[in-house]
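# What the coordinates show
As a plain string of letters, each chain reads:
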Amino acid sequence: MFEVLIFATLNGLVTGLLLFMLASGLTLIFSMMGVLNFAHASFYMLGAYFAYSISLYTGFWPALILAPVLVGVLGALVERYGLRRVHKSGHVAELIFTFGLAFLIEEAVQFFWGRATKDYRSPDILDFPLFTLFGQNFPAYKAFMIFISIAIFIALYFVLTRTRIGIIIQAAITHPHTVGNLGHNVPLIFMAVFGVGTGLAGLAGVIAGPVLTTFPGMAMVLGSIVFVIVVIGGLGSLAGALVASLLIGLLQSYAIASDLGMPDLLNWLGVSFERDHPLNDIWRLTLPQIAPILPYLLLVLVLIFRPSGLFGKRES
Amino acid sequence: MFKFAVWIIFAIVIVLLPQFFTSLLSVSILNQMAIAIVFALSYNMLLGQGGMLSFGHAVYFGLGGFMAVHALLGIEDGDYFFSVTLIPLVGGLFGLLAALFIGSFSTHKAGTVFAMISLGVGELIAASSLILVSFFGGEAGVSGDRTYGPTFFGYDFAQDIQVYYLAAAWMFIATLAMYLFTQTPAGRMANAVRDNPERAEFIGYSARRVRLISFVMSGFFAGIAGGLFAVNYEILTEQNLNAVTSGNVLLMAYIGGLGFFIGPIIGAVVLTLMNSVLSHYTTLWMLYLGIMFVLTVMFLPNGLTGFLMMHRTPWHLGKIRLLIKPYIVTSIPGAVFALSLVAMVEMAHSSEAEFVFLGASFNSSGIVSWGVLIAIALGSFIALRRSLPALREAWAQANAIDSGEQK
Amino acid sequence: MSLLQLQGLSKQFGDTKIIRDVNLEIQPGEKHAIIGPNGAGKSTLFHLISGRYHVSSGSILFKGTPIHNRSPFEITRLGLARSFQVTNIFPLLSVFENVRCALLWSMGYRYSFWQLLGKAQALNDRTEALLDEIGLHARRNLPAGELAYAEQRALELGIAIASGAEMILLDEPVAGMSHTEATNAVALIRKVTAGKTLIMVEHDMNIVFDMADRISVLVYGEIIASDIPSKIRGNPRVQEAYLGEVVPGGSDA
Ligand SMILES: Nc1ncnc2c1ncn2[C@@H]1O[C@H](COP(=O)(O)OP(=O)(O)OP(=O)(O)O)[C@@H](O)[C@H]1O
Ligand SMILES: [Mg+2]
């Protein structure tokens, strides 16, 4: 029981931090530009695929740097030549544009890399168990993922709070028009933020690809969950995104690890439903079964009871 | 009276269509179109008319469809005794109930909150459908058989063409009903709330209630589309209520044009045709669809219908002639350019050594083939760029109110 | 009995008090003007009365019923209509539809989805008549968002008066209009509010002193005087706080 808990916590942490790497970029982009980037997870997928292709020639480590940069440049180009054009048609059009982009990127990935799963693996040096607890291994690569994620957040936090550009960005988030008046080039800042945000997503893809498998559906799998996170956390709140990422990561991980279910609950209550009834499925549900839908359940509940999210400031 | 004539012509066209398109394939495409039209129109009740961007509209389509299949099974088992012609109504009513329930908490706000709830609910129900096997049938889905129950004036719906008349009749009724809805107080207030929910409250309307009415109506018609799907395909799976289907209907409505009643109809017809025809010729048609969608959002924010409607002013001014020549001059290199890109994409994707495109044969690994295609692409692109200023000039002239006569 | 009573009304955003303990009674049929410097809280007061904002404390009674913290649509249905200082129309709907929508509730159509607007003769006739009155008949088919600024102000006014509410709140109805347009608008306001109760925020002192039966002066969220126009003119506190420089010149924008 205890070892299950520990491993579930560690795995939840890995997922949660990974999710935050996506969610932080999405949040930054949203707070600056008011755009919920539907294609955010597609850039994550591109990160994994770019890294896979690059690593075929150079191995993992150069890919770790190159792939996110490429993704970020691509993201900046998308902002410059796509999103900026759509901007004048309003937020709904922007949302639909990024939605179409997600669709397009998935098709493009299938065009270039095919439908099959790619054999993108973690580097050999990290291919050993970091420690063994109660006979179960914890892979070093997962520790590496935790390390990278935390390093990125520290860097991000530093940039946002200590540097000039970070302060301009913070100002642009709260007062987009005044920053323009001060003579800063707001469109350029937008492009940069979009590039960095998508680049972070790309980095998440690079390190997640080997663990969560690299296949054309990987954006879909994570995409809506990241959306859920930024909404639950409160649109535009970085702290909210962090809490929600960890919450969802841990929640799912615990749900998958546990073997509890409705039958246990019913037993405990002393009720039995053994008649043949279409709703019988409900009484047989187990936690691992409903793990995938937990984030959405949480989303709907949060939106009903607290539409601005856990840490939301905006009354939308 | 003009409007009345339009509806009569519409009815005549849908009755006559199968006389011209008789093959099995075309009848099946027509059936798909009828279903897609109802579904896309129901979607536009939300987005185009009510300002509610939904990423989970397939929920009502799918739930209606599943209920309809269960009704088919009930007829087959002899539990109920009614005609298959009424099955779409079963779907509609179930879609309505589902929308009433979900709308009761999701229509508080439009905008991002609504979009996110629709996404969450969509994912939730799609995922649940794989868990609740006895109603949704798991991965395999649920199938029925439409040929049971009392016959309808001799129709037992064993053949697709009979299904066409059923689908077409329902499509006509649903389209008419949805059009009439736009002409009622509730329909007009839906537009008002879309434009400015706050002011709507200051003229006595609860924005939330107005949205809920549109939402429930929209669920009803989506359910009818789902019911038609059930009759046509006799099977429903998780596919029919997941995000892909929700995305598809958004695509159809948007490409057709959200701002016009007829927009989603055009979108549904065009995309269904593209789906069936393109998928026949190339496995990459989804890629082309994605490109087309993104380009539409970027360059034609009002969709295909919006593009057509842009020509109203030149038409009324009697200057549409001015546009004919520049359009031809631009579209020829444009088409050549697009086709040469497509050819390169297809060639890159082709695994065979000899690659045939539009009757021309290329060696897909040969430098010469690539060189020729690239040259064509470049040449046509330059020609395209060159033709644009003349087109712009002609457009300005065609829209200028008094220039022609005074010169 | 007063038609509208504000009792100890206060509103604060965060720690900033915008409306401080306002007490005011408006009699049926009264034409009441509220004046005060920019940022005094006049619009905020309207937002409180019309339900756009919740009150921080105090109460608002309309025809004896408390209406504070009720939804705008409920308050509107009780017979209290308003216009906005910042134009607040339905930009994609045609001018005609804007006015027709404003008439719907008061003519009993509610949320009907079984009646066709095209067949509603009385409704359409009244819409046309109102379009004539606000001088927008020639523009009836244009999307409201494409109107010129002054025309949008006229439409704003039209939407507010359409329902024929007992009490009408107008927030700077003629701001931004040319002199002729303003004169027409004032005449229209006079005409449609005959026999009704009007509260108006206005910076143009000629209009204010011309139209109002009573004037309240709002400064920093407090009503420092509320009286008939001649008394307001002579009130030293008002002179000091607000009028001193404005009245002599007469016409300002
Ligand atoms: N939602 C809000 N949040 C915070 N402060 C607000 C809000 N609405 C108004 N205020 C503040 O309240 C004060 C009064 O604003 P209000 O619009 O009521 O003034 P006003 O008297 O109508 O001025 P004007 O003559 O310029 O229209 C202003 O200082 C404004 O900044
Ligand atoms: Mg004001």
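The text that follows walks through the structure, step by step, so that each part is easy to find. (Residues numbered from 1 in each chain as written. Chains lettered and ligands numbered in written order. Predicted model: local features only at pLDDT ≥ 70, side-chain atom pairs only at ≥ 80, totals over all residues. Heavy atoms only, no water.)

## What about the coordination of the magnesium ion (ligand 2)?
Tetrahedral coordination by four donors sets the ideal angle at the metal to 109.5 degrees; octahedral coordination by six donors sets it to 90 or 180 degrees. Coordination of the magnesium ion (ligand 2) by the protein comes from Ser43 of chain C (OG) and Gln85 of chain C (OE1), over a distance range of 1.9 to 2.1 Å. Taken as a pair, Ser43 of chain C in helix 1 (residues 42-50) and Gln85 of chain C in the loop between strand 6 (80-82) and helix 3 (95-104) lie far apart in primary sequence, 42 residues in all. (Donors = N, O, S within 2.8 Å, 3.2 Å for Na, K, Ca; no water. Helix = DSSP H or I, 4+ residues; strand = E, 2+ residues; numbered from the N terminus.)

## Considerations on empty space enclosed by the protein
Residues and elements named next belong to chain B. Across all of its chains, the model carries three cavities of 30 Å³ or more by this definition. Every residue along the wall of the largest cavity is listed here: Ser54, Gly56, Tyr60, Ile102, Ser106, Ser118, Val121 and Phe215. Residue assignment for the lining of the largest cavity shows that the elements contributing at least two residues are helix 4 (87-106) and helix 5 (111-131). For the lining of the largest cavity, the residue count by class is four nonpolar, four polar and no charged. (1 Å grid on protein atoms, 1.4 Å probe; cavity = no way out; pocket = protein on both sides within 12 Å on 5 of 7 lines; lining within 4 Å. Points joined across faces, edges and corners; volume = space filled by probe spheres on them. Nonpolar A, V, L, I, M, F, W, Y, C, P; charged D, E, K, R; others polar.)

## As for the pattern of salt bridges
Across all of its chains, the model carries 15 salt bridges over all chains by this definition. Salt-bridge contacts for Glu198 of chain B lead to Arg52 of chain C; the nearest nitrogen and oxygen are separated by 2.5 Å. Placement of Glu198 of chain B in helix 9 (residues 197-201) and of Arg52 of chain C in the loop between helix 1 and strand 4 (57-62) is noted, with the two residues assigned to different chains. Its salt-bridge partner being Glu133 of chain C, residue Lys191 of chain C comes within 2.6 Å of it at the nearest N-O pair. Here Lys191 of chain C is found in helix 6 (residues 179-192), whereas its partner Glu133 of chain C is found in helix 4 (residues 121-133), with 58 residues between them in sequence. What makes Lys191 of chain C exposed here is its relative accessible area of 54%. Here Glu133 of chain C falls in the partly exposed class, since its relative accessible area comes to 32%. In this structure, a network of salt bridges that share partners links the residues Arg188 of chain B together with Glu97 and Arg100 of chain C. (Salt bridge = Lys/Arg side-chain N within 4 Å of Asp/Glu carboxyl O. Buried < 20%, exposed > 50% of the residue type's maximum accessible area, 1.4 Å probe, protein only.)

## Some words on a nonpolar patch on the surface
All names here are of chain B. Together, Ile324, Ile328, Ile332, Val336, Ile367, Val368, Val372 and Ile376 make up a nonpolar patch on the protein surface, roughly 740 Å² of accessible area in all. Of all the elements in the fold, those that place two or more residues in the nonpolar patch are helix 16 (321-349) and helix 17 (367-399). Tracing the chain through its elements places Ile328 in helix 16. Among the residues examined, Ile328 registers a relative accessible area of 45% and is labelled partly exposed. (Patch = residues over 30% accessible without salt bridge, like charges linked within 9 Å, V, L, I, M, F, W, Y side chains within 5 Å. Areas by Shrake-Rupley, 256 points an atom, 1.4 Å probe, with all protein chains shown as cover.)

## Topic: helix 10 (residues 238-257) of chain A
Residues and elements named next belong to chain A. Compared with the 28 Å implied by 1.5 Å per residue over 20 residues, the 28 Å span of helix 10 between its first and last C-alpha is a close match. Those residues of helix 10 not exposed but buried are Gly240, Ala241, Ala244, Ser245, Ile248, Gly249, Gln252, Ser253 and Ala255. Summarising the contacts, the buried residues of helix 10 are in contact with helix 1 (2-33), helix 9 (218-233), helix 13 (287-290) and helix 14 (294-305). Structurally, the start of helix 10 carries an N-cap: the backbone nitrogen of Gly240 is 2.8 Å from a side-chain oxygen of Ser237. (Expected span 1.5 Å × (residues − 1). Contact = heavy atoms within 4.5 Å. Polar contact = N/O pair within 3.5 Å; in protein donor to acceptor, adjacent residues only side chain to side chain.)

## Here's the deal with the interface of chain C and chain B
The partner chain B presents 26 residues to the 33 residues of chain C that form the contact. Of the roughly 2,700 Å² buried between chain C and chain B on both sides combined, carbon and sulfur atoms contribute 65%. Looking at the side of chain C facing chain B, the largest losses of area belong to Phe90, Tyr111 and Phe113 of chain C, adding up to 25% of the total buried there. There are three salt bridges connecting chain C and chain B. (Buried area = accessible area lost by both parts, 1.4 Å probe.)

## Some words on the nonpolar core
It is characteristic of soluble globular proteins that their nonpolar side chains tend to be buried jointly. Grouped together as the largest cluster of nonpolar side chains are 251 residues, with contacts concentrated most on Phe43 and Ile207 of chain A, Leu53, Phe55 and Met189 of chain B together with Leu155 of chain C. The leading source of residues in this core is helix 2 (residues 24-50) of chain B, at 16 residues. If we skip the residues at most four places from it in the chain, Phe55 of chain B touches Phe38, Leu95 and Phe99 of chain A together with Ala115, Ser118, Leu119, Ser246 and Leu250 of chain B. Leu45, Met167, Leu169 and Val201 of chain C belong to the second-largest nonpolar core, a separate cluster that totals 24 residues. (Core = buried A, V, L, I, M, F, W, Y, C linked by side-chain atoms within 4.5 Å.)

## A look at the site of ligand 1
Residue and element names in this part refer to chain C. Near ligand 1 you find 13 residues, and of these Gly39, Gly41, Lys42, Ser43 and Thr44 are the closest. Take Lys42: an N or O atom from its side chain is 2.7 Å from an oxygen atom of ligand 1. Between ligand 1 and Tyr53 there is a distance of 3.3 Å, counted from a nitrogen atom to a side-chain nitrogen or oxygen. Out of a free accessible area of 630 Å², ligand 1 has 62% covered by protein chains. No other element matches the three residues that helix 1 contributes to the shell around ligand 1. (Near = heavy atom within 4 Å.)

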